[in-house]
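Listed below, chain by chain, are the residues.
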Amino acid sequence: MTSRNINFKHRVAVVSAGMTLFRSRMLETPQELAWLAAKQALDEAGLTLKDIDCVVIGSAPDAFDGVHMKGEYLAEGAGGIHKPTIRVFVGGATGVFVPIAAWWHVASGLCKKVLVVAEEKMSHAAKPHTQYVFRYIWDPIVEKPLNPNLIWIFAMEMHRYMYKCGVKKEDIALVSVKNKRNACGHPSAQLCMPNITVDDVLKSEVLVWPVQLLDISPTSDGAVALVLASEEEARRITDTPVWIKGVGWTLDTTHWTNRDLAYPEYVRRAAEMAYRMAGIDNPRKQIDVAEPYDPFDYKELHHMEGLGLARKCEAPVLTREGVTQRDGDLPINPSGGLLGVGNPIAAAGLMKVAEIFWQIRGEAGARQVKKPVYTGLAQAWGDLMQAGTVIVMGI
Amino acid sequence: MTGPTKPINPRGTKYDRVEFPVFEFPVVGKARYNYTTGEALGRFLAGLKEGKILGTYCNKCGRVFVPPRMYCSYCFREVDGWVEARDEGVVNTAVMSYISATRARLERPVAVGVIKLDVPGYQFDDHFFPGLMHYICGASEDDVKSMKIFGARVKARWKPPEQRTGSITDIECFEVARP
Ligand SMILES: [Zn+2]
């Protein structure tokens, strides 16, 4: 038996979700994107901003927008004026950290209804290339003088994983193929490649071997919003609330050259926390659908293993056998993930939480997985293989 | 079992690059950062200038830290002292970069990787070890792509002493040892 030694006062539900288009180079400002998503979520819940007690904002790296104090800047479009408003950010893990922070606002009894908004525009910093602003992520003393490109680090992790697990590039490309095809059912998706093949991925531009262009998600702008409510309020707002059953988050050291990159420890620890809270002791059997973070195709495999949805080195096998397809036994990223729907960093993580919400409510339309969904999971990861965030939701 | 596809009618406008009036704000002047080296890395950089790779160790958990820290972040106590790593080790992971820091195509690709360093008197598994990211020289594209380079022994190629500045680039690269 798993012990549930985490205490909270109130059960917390997701009652609505909103989402903009995900595209590269959107006309709307970050504030306008946030407003579009937030308004959609409020409308769907039948609420106005007056009904909202607190606002939680997520946006990942300031450097992308060229705006310091991004939370304060974004608050206006996110409905945060004259309310207790907070921005959280843990790099790419932010998108799933926003509903976690909103969860503790409600679980503690502090707020009854919380507006949760994540927004990102990657296209602002496109000169000379979006990659350029990522140089500030590296250690200034021992790494930056080597003039690294951000993709180096992911290529190093991917290659180590391939080496340790004996995984072929063909097997990893299957993830990109699956997700870019899945995205065709998503009204917000940036990419839809119904006929993409493993061969297309393997023939795409080599950036940092083993990473090629189609192994990576596109750069995107976009916003996603949720409304979270306490049990009493949730039952008033909707007949079909989706409960947040468990949350978990951890940080590992930024000294990433000191540890084995083949296995994501930061995800394992975050998942253990979330599972303990949700009473899950066999995730492979108890999770019906999952949206692990997939800015790179190998990351989906890596994260499935960290989440205990596959044993170490088993995720490529499950993928090859079709287990992770939308109609498979364990559907993974039926939304299309970051590889298909797009990667406006914090918004992409929250998109995954919204997708689990829609999957559990049976509202995912063409993306709806074939098996019944009672319990789902979303996960994100950020920075130098270091920040992990996990949320488990269910009916 | 399926209702309408959510989200319904998501909004947002993709702009055409030519038509949209982008407002460009350049960084003005020549702003630079001065990063402090701190206690541990300051000594590490001074060591590099002398051709030494220095680390620290924690007696409580047995970890050896390269790059060094002045505290053990696991035991949350001060480290017990300094050790000198060999300027040799094995390749833990390696990749071949075809792009620069700004994503421009490189004329010739470069190999980079993580070097797991030897420290006399200590044994390390893959879970936690002294390791540095650096260039790998003497490796062909095939050596990297075929993963033959994994586990290969490498040795630091140092700049001549008079050219060293106390930087990670005082090591030019880690060179593959040929039998
Ligand atoms: Zn220690």
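Within any chain, residue numbers begin from 1 and follow the written order of that chain's sequence. The naming scheme follows written order: chains are lettered A onward, ligands numbered 1 onward. Totals for whole chains, interfaces and linings use every residue, but because this is a predicted model, local features are given only for residues with pLDDT of at least 70 and side-chain atom pairs only at 80 or more, for both listing and counting. Values reported for side chains reflect all heavy atoms of the structure, with hydrogen atoms and water molecules removed beforehand.

Named according to an unreviewed UniProt entry, chain B is DUF35 domain-containing protein originating from Pyrobaculum ferrireducens.

Looking at an unreviewed UniProt entry, chain A carries the name Acetyl-CoA acetyltransferase, with the source organism given as Pyrobaculum ferrireducens.

Points about the state of the cysteines
Residues and elements named next belong to chain A. For the purposes of this analysis, a disulfide is any pair of cysteine sulfur atoms at a distance within 2.5 Å. Under the defined criterion, the tally for this structure stands at four disulfides over all chains. The residue that forms a disulfide with Cys165 is Cys313, at a sulfur-sulfur distance of 2.0 Å. Handedness of the Cys165-Cys313 disulfide follows from its S-S torsion of about -65°: it is left-handed. With Cys165 in helix α5 (residues 150–165) and Cys313 in the loop between α11 (297–306) and α12 (315–320), this pair connects stretches of sequence that are 148 residues apart. Segments assigned H or I by DSSP are reported as helices when at least four residues long, segments assigned E as strands when at least two residues long, and all are numbered from the N terminus.

Quick notes on the pattern of salt bridges
The salt bridge criterion pairs a side-chain nitrogen of Lys or Arg with a carboxyl oxygen of Asp or Glu, the two atoms within 4 Å. Scanning the model with the defined rule gives 41 salt bridges over all chains in all. In this structure, Glu44(A) engages Arg361(A) in a salt bridge whose closest nitrogen and oxygen atoms are separated by 3.4 Å. Within this pair, whereas Glu44(A) is found in helix α1 (residues 30–45), its partner Arg361(A) is found in helix α14 (residues 345–361), the two being separated by 317 residues in sequence. Between Arg235(A) and Glu231(A) there is a salt bridge, with its nearest N and O atoms 3.0 Å apart. Here Arg235(A) and its partner Glu231(A) are both found in helix α8 (residues 231–237), four residues apart, which amounts to about one turn of the helix. A residue is classified by how much of its surface remains accessible, and Arg235(A), at 48% relative accessible area, is partly exposed. Exposure is judged per residue with a 1.4 Å probe applied to protein chains only, and the accessible area is read against the type maximum: over 50% gives exposed, under 20% gives buried, and values in between give partly exposed. On the accessibility criterion, Glu231(A) (28% relative accessible area) is partly exposed. Taken together, the salt bridges that share partners define one network made up of Arg160(A), Lys164(A), Asp260(A), Lys116(B) and Asp126(B).

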